[in-house]
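Remarks on the overall topology
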Amino acid sequence: MPVRSVHPEPLAIVGHTDAQLRQRFLYLTASRVTVCTVIFGGTIAVYLAEAHSFDGPTPRLLLGVIIAIYAVSLGYALQIRRANAARLELLTSVSIALDLMAWTVLAYATGGAGSPLSTLFGLTTLTAALVMGGNGTLWTAVGSLGLYGLLALLTATGVLPPPSDQVRSAANPIETTYQMVVTLTEVIAVTAIGGSLADRLVLAGDALVRAEASRANLAGLYEDVLRSIPSAIFTFDARGHIDSANPFGAGFIGIDAPALLGLDVRSLLPFLKDVDDALMREGTSGDATLQTARGEAPVAYHVAPIYDREGVMRGGVVVIDDRSNVEALRSAFAHAERFADLGRLAAGLAHEVRNPLGA
């Protein structure tokens, strides 16, 4: 497998890949459905406990908004499987905007500016920080403050009266002001904290992408090095079972690499039967003869232990060098030496014969 240069690709939102972004969007949708389910259950429980009818404007408004959120969430779930990064970014922005409008309607139906559901604006701002990043957090905070302020202004001036089935007494200015201060403080604090968190998340995401790219490059380089080494390399576990072999080793032995896995290393390499466990732990070398795909061949072997990070021996590695060419050269050199000796002997005899003939 050639080494691939892996570079971090530009990511749409908070430095996430498409899969990570899709997963976070699913979490966002699930959280929204959970909140709506709690509100839905609370609404049903309150109206049943007080024997109220569900025909009034308030329950219809609450249930209508919740049902609409369920329907939109189902649409998101159907769209997200085939959405790319750009579409996911658009879906997330639209989802946040619809959330803010839904929380505004729910707050209006449950007390206006003093509604306890106004805290959902801060929750949405935090969600935007986690999913969309710094700019998304800022725009969500601006939208939250704008919609909440508009709701407070319209209800306070009477432009937006409460639902007809609600009889709201004159609001206590202190309580209303307190609720507004709490909500505004919550949104501002979440914006500041969420922005910082989003920045750190971006850095962490980039670092993770770089680490993953580096790991992939190292793994590819490791495989390419093993594939390119002209020596047979086998690794085995603590029980002596082979757990990996490079292509040269598989071809040298004449057995496919998958078939080598799990074989006893001493059965495959008989010369290791003479290597005891002590030598196996310390490492050893030697010369031997091995049955290969081309027949019996002289080899040189090196055995070394493999230790994990804790210093525990997890197995070993055997490196085998084919000495056939070396032995062939040695034999050729020996023949050449014999022919050279014969030549020197013939030259000496010729010299001894030539002297009497010359006399």
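Everything numeric here is computed off the predicted structure, so don't read it as measured data.

Section: the overall build of the protein
Within the protein, the secondary structure is distributed over 11 helices and 5 strands. Burial analysis of the protein (359 residues in total) assigns 32% to the buried set. As displayed, the protein offers around 20900 Å² of accessible surface, 64% of which is attributable to carbon and sulfur atoms.

Focus: the packing of aromatic side chains
All told, the structure shown has 3 aromatic pairs when counted by the stated rule. Ring centres 5.9 Å apart and planes at 65° place the aromatic pair F121 and Y148 in the edge-to-face group. Taken as a pair, F121 in helix 4 (residues 120-131) and Y148 in helix 5 (residues 134-157) lie far apart in primary sequence, 27 residues in all. Judged on exposure class, the residue F121 and its partner Y148 are both buried.

Some details on helix 4
With 12 residues, helix 4 should cover 16 Å at 1.5 Å per step; its first-to-last C-alpha distance of 16 Å lies within 8% of that length. With respect to burial, helix 4 is a largely interior element, 9 of its 12 residues being buried.

Some points on the sheet that holds strand 1 (residues 232-237)
In space, the 5 strands of this open sheet follow the order 2-1-5-4-3, with antiparallel pairing throughout. Edge strands, defined here as strands with exactly one partner in the open sheet, are strand 2 (242-245) and strand 3 (284-292). Adjacent strand axes in the sheet meet at a mean angle of 30° when their direction is disregarded. Relative to strand 2, strand 1 runs antiparallel, the two being bridged by 3 bridges. Its bridge partner lying in strand 2, T235 is registered against S244.

Comments concerning the confidence of the model for the protein
Averaged over every residue, the pLDDT of the protein is 75; the share at 70 or more is 79%. Within the protein, helix 11 (residues 324-358) has the poorest average pLDDT of any element, 68, and strand 1 the best, 89. Across residues 1-15 the pLDDT falls below 50, and counting only partners more than four positions away or on other chains, this stretch makes 38 contacts in the model.

Focus on the pattern of salt bridges
Taken as a whole and judged by the stated rule, the model has 6 salt bridges. Salt-bridge contacts for D237 lead to R239; the nearest nitrogen and oxygen are separated by 3.9 Å. Its relative accessible area of 64% is what places R239 among the exposed residues. One salt bridge in this structure joins D287 and R323, with 3.7 Å as the shortest N-O distance. Here the residue D287 occupies a position in strand 3, and R323 occupies one in the loop between strand 5 (313-322) and helix 11, the gap between them amounting to 36 residues. Overall, D287 belongs to the exposed group, its relative accessible area being 61%.

Let's talk about the side chain of T235
The topology assignment puts T235 in strand 1. Within polar-contact distance, the side chain of T235 engages the side chain of D243 at 2.5 Å. In terms of polar contacts, T235 uses its side chain to reach the side chain of S244, at 2.2 Å. If we ignore the near neighbours within four places in the chain, the residues touching T235 are H241, I242, D243, S244, I306, G316 and V317.

So, the environment of T284
Mapping T284 onto the fold places it in strand 3. For the pair T284 and A304, spaced 20 residues apart in sequence, the C-alpha to C-alpha distance is 6.8 Å.

Considering the nonpolar core
Residues F234, L269, F271, L272, L290, V318 and I320 are the most contacted members of the largest nonpolar core, which totals 22 residues. Put simply, the parts of the chain that give this core at least two residues each are strand 1, helix 7 (247-253), helix 9 (265-268), strand 3, strand 4 (295-307) and strand 5. Counting residues in each nonpolar core, the second largest holds 19 residues, with L62, W103, A109 and L120 among its members.

A short note on the pairing of strand 4
In this sheet, strand 4 lies alongside strand 3 in antiparallel orientation, the contact comprising 9 bridges. Within strand 4, the residue paired with L290 across the bridge is A297. Adjacent in sequence and paired antiparallel, strand 3 and strand 4 are bridged by 2 residues. In the sheet, strand 4 pairs with strand 5 via 9 bridges, with the strands oriented antiparallel. Across the sheet, Y301 pairs through a bridge with I320, a residue of strand 5. Between the end of strand 4 and the start of strand 5, which pair antiparallel, lie 5 residues, with G311 showing a positive phi angle near 85°.

What about helix 2 (residues 57-80)?
Under the 1.5 Å per step criterion, the end-to-end length of helix 2 is 34 Å for 24 residues, consistent within 8% with the ideal 34 Å. What helix 2 keeps buried is the set T58, P59, L62, L63, V65, I66, I69, S73, Y76 and I80.

Criteria and thresholds
Residues numbered from 1 in each chain as written. Predicted model: local features only at pLDDT ≥ 70, side-chain atom pairs only at ≥ 80, totals over all residues. Heavy atoms only, no water. Helix = DSSP H or I, 4+ residues; strand = E, 2+ residues; numbered from the N terminus. Buried < 20%, exposed > 50% of the residue type's maximum accessible area, 1.4 Å probe, protein only. Areas by Shrake-Rupley, 256 points an atom, 1.4 Å probe, with all protein chains shown as cover. Phe/Tyr/Trp six-rings, centres within 6.5 Å; stacked < 30°, edge-to-face > 60°. Expected span 1.5 Å × (residues − 1). Pairing = 2+ DSSP bridges. Axes fitted to C-alpha atoms, helices over the stretch in contact; angles between N-to-C directions. pLDDT = per-residue confidence, 0-100. Contact = heavy atoms within 4.5 Å. Salt bridge = Lys/Arg side-chain N within 4 Å of Asp/Glu carboxyl O. Polar contact = N/O pair within 3.5 Å; in protein donor to acceptor, adjacent residues only side chain to side chain. Core = buried A, V, L, I, M, F, W, Y, C linked by side-chain atoms within 4.5 Å.

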